[in-house]
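# Report on the structure
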Amino acid sequence: MPKWSKEALIGFVPVLFIFMAFIGLNVVPILIAAALVGALFMVLKMRGGIAVGAGNDRKRKKAAPAKLTFEEIGGQDNAKQELREALDFLNRHEEIKKFGIRPLKGILLTGPPGTGKTLMAKAAAHYTNSVFVAASGSEFVEMYVGVGAGRIRDLFKDARTRAAKENKQSAIIFIDEIDVIGGKREGGQQREYDQTLNQLLTEMDGIYSSESPKILVIAATNRKEMLDSALLRPGRFDRHIQVDLPDKKGRSHILNLHAGNKPLHPNVDLDKIAEEAYGFSGAQLESVMNEAAIYTMRENSEMIHHRHLSMAIDKVMMGERSDRESNLEEKKRVAIHELGHAIMAELVRPGSVKQVALSPRGKALGYVRHNPQQEQYLYTKSFLEEQIMIALAGAASEEIYYGGRSTGSSNDFEQSISIVETMMKSGLTSLGIVNMNMVTTEELMKENNTILEELMGRTKQLLLQHHQIFDHSLDILMREEILSGEQFRCQFRENTLQPA
Ligand code: ATP
């Protein structure tokens, strides 16, 4: 049934009754009968007997069988280890009972999108020989109060019946995007979400160690700070496992796993590709392997070569090449913008530029590719400032050469603001060590502007000192549309004024 049909029906029925009354029909018995049927329907629905909008439920019940093992998840060694240890509670239930340990009811997986949280939950089901039932937080959000809560009841009921049918001792219920229903409860708002969350808490409180099947709820979110504290207290989701973006070793492992069914040329070094794919999530790495295979097929090549993988990284990072034609003036502005980024990058991180290109990709009209960086987990204030200066350098050079900016810098500014926010949260600004809630928006804006204006000034000054590089590189870039890191560094050496 289309989504709007319910609303259309609600509008149409009263009009029909008014019309019937108008032409003299006695509508009272019909109204009483309709009210009785409606009440009966609601009671059945609240008890989980009728599924309105059963599309989602059907989707949920068809959840893929959990055959995935931990070995099929790349990287995430710590997370996998922690999860296995937690799951041993489910496997060693006799000992748990002997020591009077309360059962583990909920595990919360937190981390950025595409890092393998769903895979972890599936592997957990396999590891504990449990049935796997999955749902997503957004499936519980409905216009009508009580429907979400009914669905939570259905979910637990479904897990129990499936375990009984498949003769399993335990069931794992996976709820993705738990923040949609488990967000902080505030005042009297969001009543529907509250009821859904309350129902989840009630179901979790009703899980006992002696119960069969044993139920474990695994939830995933990338916004843990949004969750209601009631969800996180002991006895509910009291195990938190961080599923982070993979490091180089992890990325290499993931690439190897996804290369398993693909014809990879023996000369391809996946460690190198992992180095290039700095900051990629598992899902992005899977996409890199897939896109590389597509490029190979399009070229009628037999095997995936390094260049296919490099092209795939570009595509995943910056989007597909587009055939947007820009006019000469626009092209020159883009070239100046990109050269600004490249010069600043080379000044603060010598040897870091891999390529400057004018070919349009995704939404960008040009881009600078950087060489793989060293894995880093801590950043100093000066490192972050330099990062901001690289981001601002595009707009700075447009200002120098055109006297004003264009709309092409919005992403750079977003990136700069997000770095400034990290600096503020880490106590690296003149605001001192602060909780962001202590500071007013005006104060934050003022500090943000002060930092960005100061860094913009420094960026312009440095770029002006190196204007010869602009002049010489611009011609080549306009002509060739591509400048390799080596070509660029050559210009850099030839045109940098050596101190006397
Ligand atoms: P979201 O938060 O968006 O729901 P998620 O963390 O649950 O994402 P998954 O759905 O588990 O991510 O991963 C999506 C896809 O990415 C997987 O089907 C798999 O192909 C690939 N993937 C992600 N992480 C890994 C990994 N660690 N090892 C192997 N493949 C991975």
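Notes on the structure follow. (Residues numbered from 1 in each chain as written. Predicted model: local features only at pLDDT ≥ 70, side-chain atom pairs only at ≥ 80, totals over all residues. Heavy atoms only, no water.)

Here the focus is the site of the ligand. The local shell around the ligand holds 15 residues, among which Gly 74, Gly 114, Lys 117, Thr 118 and His 258 are the closest. Measuring from a nitrogen atom of the ligand, one finds a backbone N or O atom of Gly 74 at 2.8 Å. If the ligand stood free it would expose 630 Å²; the protein chains cover 77% of that surface. Elements with a contribution of two residues or more to the shell around the ligand: helix H6 (117-127), helix H11 (248-259) and helix H13 (282-298). Across the shell around the ligand, the residue classes break down as five nonpolar, seven polar and three charged. Two domains each put at least three residues into the shell around the ligand: domain 2 (70-242) and domain 3 (248-318). (Near = heavy atom within 4 Å. Polar contact = N/O pair within 3.5 Å; in protein donor to acceptor, adjacent residues only side chain to side chain. Areas by Shrake-Rupley, 256 points an atom, 1.4 Å probe, with all protein chains shown as cover. Helix = DSSP H or I, 4+ residues; strand = E, 2+ residues; numbered from the N terminus. Nonpolar A, V, L, I, M, F, W, Y, C, P; charged D, E, K, R; others polar. Domains from an automatic or database assignment.)

Here the focus is the sheet that holds strand E4 (residues 214-221). If you trace the five strands from one edge of the open sheet to the other, you get E2-E3-E4-E1-E5, paired in parallel fashion. On the outer flanks of this sheet lie strand E2 (131-136) and strand E5 (237-242), each paired with one strand and no other. When strand polarity is set aside, the average angle formed by the axes of neighbouring strands in this sheet is 20°. Pairing of E2 with strand E3 (residues 170-176), which is carried by six bridges, proceeds in the parallel orientation. Within E3, the residue paired with Ser 136 across the bridge is Asp 176. With respect to the sheet, helix H4 (residues 77-91) is in contact with strand E1 (106-110), E3, E4 and E5, its orientation differing from that of E5 by roughly 155°. Across the sheet, H6 lies against E1, E2, E3 and E4, angled at about 175° from E3, the strand it touches most. (Pairing = 2+ DSSP bridges. Axes fitted to C-alpha atoms, helices over the stretch in contact; angles between N-to-C directions. Contact = heavy atoms within 4.5 Å.)

Time to look at the nonpolar core. In terms of nonpolar packing, the biggest core is built from 43 residues, with Ile 388 and Phe 488 touching the most fellow members. Secondary structure elements with two or more residues in this core: helix H15 (328-348), strand E6 (353-357), helix H16 (381-402), helix H17 (410-425), helix H18 (441-465), helix H19 (467-480) and helix H20 (485-495). Take this core: its biggest share by element is nine residues, from H16. Those residues within four positions of Ile 388 in sequence are excluded, and the remaining contacts are Ser 416, Ile 419, Val 420, Met 423, Leu 452 and Leu 455. (Core = buried A, V, L, I, M, F, W, Y, C linked by side-chain atoms within 4.5 Å. Buried < 20%, exposed > 50% of the residue type's maximum accessible area, 1.4 Å probe, protein only.)

Turning our eyes to something else, we now look at the sheet that holds E6. Read from one edge of the open sheet, three strands run E7-E6-E8, paired in antiparallel fashion. At either end of the open sheet lies a strand with only one pairing partner, and these are strand E7 (367-370) and strand E8 (482-484). On average, each strand axis in the sheet is inclined to that of its neighbour by 15°, with strand direction left out of account. Across four bridges, E6 lies against E7 in antiparallel orientation. Paired with Ala 357 across the two strands is Tyr 367, which belongs to E7.

Relative orientation and spacing of two packed helices are given, respectively, by the angle between their axes and the distance between those axes. In contact at an axis separation of 9 Å, H11 and H13 are set at 45° when each is read in the N-to-C sense. When the axes of H11 and H13 are compared, the pair comes out oblique. Between H11 and H13 lies a crossing whose hand is right-handed. Between H11, through Arg 251, Ile 254, Leu 255, His 258 and Ala 259, and H13, the contact on the second element is made entirely by Gly 282, Leu 285, Glu 286 and Met 289. (Parallel < 35°, antiparallel > 145°, perpendicular 65-115°, else oblique. Left-handed = near helix turned anticlockwise from the far one by under 90°.)

Time to look at the environment of Ile 218. Assignment of secondary structure puts Ile 218 in strand E4. You can call Ile 218 buried: its relative accessible area is 0%. With 110 residues separating them in the primary sequence, Ile 218 and Leu 108 have C-alpha atoms 5.9 Å apart. Excluding its chain neighbours within four sequence positions, the residues that come into contact with Ile 218 are Ile 107, Leu 109, Ala 121, Ala 124, Ile 172, Ile 173, Phe 174, Ile 175 and Phe 237.

Here we come to the side chain of Ser 130. Looking at where Ser 130 falls in the secondary structure, it is placed in the loop between H6 and E2. Within the local environment of Ser 130, its side chain forms a polar contact with the side chain of Ser 170, the two groups lying 2.7 Å apart. Residues in contact with Ser 130, not counting those within four places in the same chain, are Leu 90, Ala 125, Lys 168, Ser 170, Ala 171 and Ile 172.

Now for unusual backbone geometry. Despite not being glycine, Asn 300 shows a phi value in the positive range, around 55°. Locating Asn 300 in the fold gives a position in the loop between H13 and helix H14 (306-318). Even without being a glycine, Glu 481 presents a positive backbone phi close to 70°. Assignment of secondary structure puts Glu 481 in the loop between H19 and E8.

For side chains of opposite charge, pairing can occur when their charged atoms come near one another. Taken as a whole and judged by the stated rule, the model has 22 salt bridges. Here the salt bridges do not stand alone but share partners, grouping Glu 276, Asp 314, Lys 354 and Arg 369 into one network. (Salt bridge = Lys/Arg side-chain N within 4 Å of Asp/Glu carboxyl O.)

In short, the description is geometric, and any link to function would need to be established separately.
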